[in-house]
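# Structural characterization, general
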Amino acid sequence: MMKKQRAFLKWAGGKFKLVDAIVRHLPAGNRLVEPFVGAGSVFLNTDYDNYLLCDINRDLIEMYRIIQRDPEHFIGLAGELFIDANNDADFYYNTRQRFNHATDSLDRALGFLYLNRHGFNGLCRYNRKGSFNVPFGSYKKPYFPEKEIRGFSQKSQQAEFVCIGYEQAFDMLSDGDVVYCDPPYAPLSTTASFTTYVGAGFSLDDQAILARRSRQTAQERGIPVVISNHDIPLTRELYHGATFEVISVQRNISQKGSSRKKVDELIALYAAEQQQTGQVLPFRQVK
């Protein structure tokens, strides 16, 4: 059994724990397309000939391109930031300020990694003016993911990184593609939403548009689409016509481990030729 590869970024809603379940539903194909690549756990743990990896976060995509081209140069410079003296609130906030004013892509990529590993819970959040605003995380010794960056770079030689929205990503599909969508999740309640990763966030209208595009893509173009989201009545309704699997998974947004709870997540498959619709597959618990 192949050992799973971890992403080098900390990421809210990351899919490392769900990779096995997600991969079970991904059909064979020539290219995997991810309109919401995030930290890339699914990309890193699948075996397609090629990948189209998209995200609206330009900092994320530019960093991936830099690591794809020259990982050793990036690792050498990034390592200088991960020393004990820099694990300090003053240094963090100064770095965050420099990052928010930087225009050079390499400077922003290095700052992005430092902020990701030293910021609170690895959150990636910007205010309405486009400034990164995650507070200092106060971790004892933030991990420098040198090995994971090298692994990502090696795998990325098969990938194209594009900074576009999900609708544009669907427009770029071609025969032989398989699509995996990991959108910002629909809120469990009106007070539990965490969707503002970039800009104005991901609205309920976006959730509905994504579901419609996914269904149409499978039915009209014969391209299968897999989507992850919270298992709530809204997503069950939005993803009508899909095959479902429900998984219980630990969510780690809360800072206190004692208050981190398991939630049910839904994996919805729109197959190219749907044999069964609305079927709920056997429950599988992920610790």
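The shown structure was predicted, so the numbers you read here are calculated from the model rather than taken from an experiment. (Residues numbered from 1 in each chain as written. Predicted model: local features only at pLDDT ≥ 70, side-chain atom pairs only at ≥ 80, totals over all residues. Heavy atoms only, no water.)

For the rest of this paragraph, the subject is unusual backbone geometry. For Asn-121, which is not a glycine, the phi torsion comes out positive at approximately 55°. Mapping Asn-121 onto the fold places it in the loop between helix H6 (105-118) and helix H7 (146-155). Residue class for Asn-121 comes out buried when judged on its relative accessible area of 15%. (Helix = DSSP H or I, 4+ residues; strand = E, 2+ residues; numbered from the N terminus. Buried < 20%, exposed > 50% of the residue type's maximum accessible area, 1.4 Å probe, protein only.)

Let's shift gears to the confidence of the model for the protein chain. Residues of the protein chain with pLDDT of at least 70 account for 86%, and the chain-wide mean is 89. Below pLDDT 50 for its whole length, residues 274-287 participates in 40 contacts with residues either more than four positions away or in separate chains. (pLDDT = per-residue confidence, 0-100. Contact = heavy atoms within 4.5 Å.)

Attention shifts here to the pattern of salt bridges. Taken as a whole and judged by the stated rule, the model has 12 salt bridges. A salt bridge links Asp-20 to Lys-4; the nearest nitrogen and oxygen atoms lie 3.9 Å apart. On the criterion of sequence distance, the pair formed by Asp-20 in helix H1 (residues 19-25) and Lys-4 in the segment before H1 is long-range, its members being 16 residues apart. Overlapping salt bridges bring together Glu-72, Glu-146 and Arg-150 as one network. (Salt bridge = Lys/Arg side-chain N within 4 Å of Asp/Glu carboxyl O.)

Our next topic: the nonpolar core. Residues Phe-8, Leu-9, Leu-26, Met-63, Tyr-64, Phe-74 and Leu-113 are the most contacted members of the largest nonpolar core, which totals 56 residues. Those residues in contact with Leu-113 that lie beyond four places of it in its chain are Phe-8, Leu-9, Met-63, Phe-74, Ala-78, Phe-82, Phe-144, Pro-145 and Ile-149. One finds Cys-54, Ala-218, Ile-227 and Ala-242 within the second-largest nonpolar core, a separate group that totals 27 residues. (Core = buried A, V, L, I, M, F, W, Y, C linked by side-chain atoms within 4.5 Å.)

Counting buried residues along strand E7 (residues 262-270), seven of its nine residues qualify, which places the element largely inside the surrounding structure. Two strands pair when backbone bridges link them, and strand E5 (residues 225-230) and E7 are joined in this way by six bridges, in the antiparallel orientation. Following the sheet pairing, Val-226 is matched in E7 by Leu-269. (Pairing = 2+ DSSP bridges.)

The next point concerns the packing of aromatic side chains. Inspection of every chain in the model, using the stated rule, returns 20 aromatic pairs. When the centroid spacing of 4.9 Å and the interplanar angle of 80° are considered together, the rings of Phe-43 and Tyr-51 count as edge-to-face. Taking 5.3 Å as the distance between ring centres and 45° as the angle between the ring planes, the aromatic pair formed by Tyr-64 and Phe-161 counts as tilted. One end of the pair, Tyr-64, is in helix H3 (residues 58-69); the other, Phe-161, is in strand E3 (residues 159-162), with 97 residues separating them in the sequence. Taking relative accessible area as the criterion, Tyr-64 reaches 0% and is therefore assigned buried. A residue is classified by how much of its surface remains accessible, and Phe-161, at 4% relative accessible area, is buried. Connected via pairs of aromatic rings, a cluster forms that spans Phe-8, Phe-43, Tyr-48, Tyr-51, Tyr-64, Phe-152 and Phe-161. Against the face of Phe-16 rests Lys-4, its NZ or CZ located 4.6 Å from the ring centre. It is Arg-108 that lies over the ring of Phe-99; its NZ or CZ is 4.2 Å from the centre. (Phe/Tyr/Trp six-rings, centres within 6.5 Å; stacked < 30°, edge-to-face > 60°. Lys NZ or Arg CZ within 6 Å of the ring centre and 35° of its normal.)

Bringing H3 into the picture now. Relative to the 16 Å expected for 12 residues at 1.5 Å per residue, H3 spans 17 Å between its end C-alpha atoms, a close match to the ideal helical length. Among the residues making up H3, those that are buried are Asp-59, Leu-60, Ile-61, Met-63, Tyr-64, Ile-66, Ile-67 and Gln-68. Elements that come into contact with the buried residues of H3 comprise strand E2 (50-54), helix H4 (71-79), helix H5 (89-101), H6, H7 and E3. Of the residues that open H3, the one with a side-chain oxygen 3.0 Å from the backbone nitrogen of Asp-59 is Asn-57. (Expected span 1.5 Å × (residues − 1). Polar contact = N/O pair within 3.5 Å; in protein donor to acceptor, adjacent residues only side chain to side chain.)

Moving on, we get to helix H9 (residues 204-221). Look at H9: 25 Å from first C-alpha to last across 18 residues, which is about the 26 Å you get at 1.5 Å a residue. Along H9, the positions that sit buried rather than exposed are Asp-206, Gln-207, Leu-210, Ala-211, Arg-213, Ser-214, Arg-215, Thr-217 and Ala-218. Those residues of H9 that are buried are in contact with helix H8 (166-171), strand E4 (177-181), E5, helix H10 (233-238) and E7. Capping the start of H9 is the job of one residue whose side-chain oxygen sits 3.3 Å from the backbone nitrogen of Asp-205: Ser-203. Count one or two residues on from H9 and you reach Gly-222, which has phi positive near 70°.

With that settled, the discussion passes to the side chain of Gln-207. Along the polypeptide, Gln-207 turns up in helix H9. Judged by its relative accessible area of 1%, Gln-207 falls in the buried class. A distance of 3.1 Å separates the side chain of Gln-207 from the side chain of Asn-229, its partner in a polar contact. Contact partners of Gln-207, with chain neighbours within four places excluded, come to Pro-183, Pro-184, Tyr-185, Ala-186, Phe-202, Asn-229, Leu-238 and Tyr-239.

Moving on to the pairing of E4. Within a regular strand, the side chains alternate between the two sheet faces. Taking burial as the measure, the five residues of E4 include five buried ones, the bulk of the element. Here strand E1 (residues 31-34) pairs with E4 via three bridges, running parallel. Note that in E4 the partner of Arg-31 across the bridge is Asp-177.

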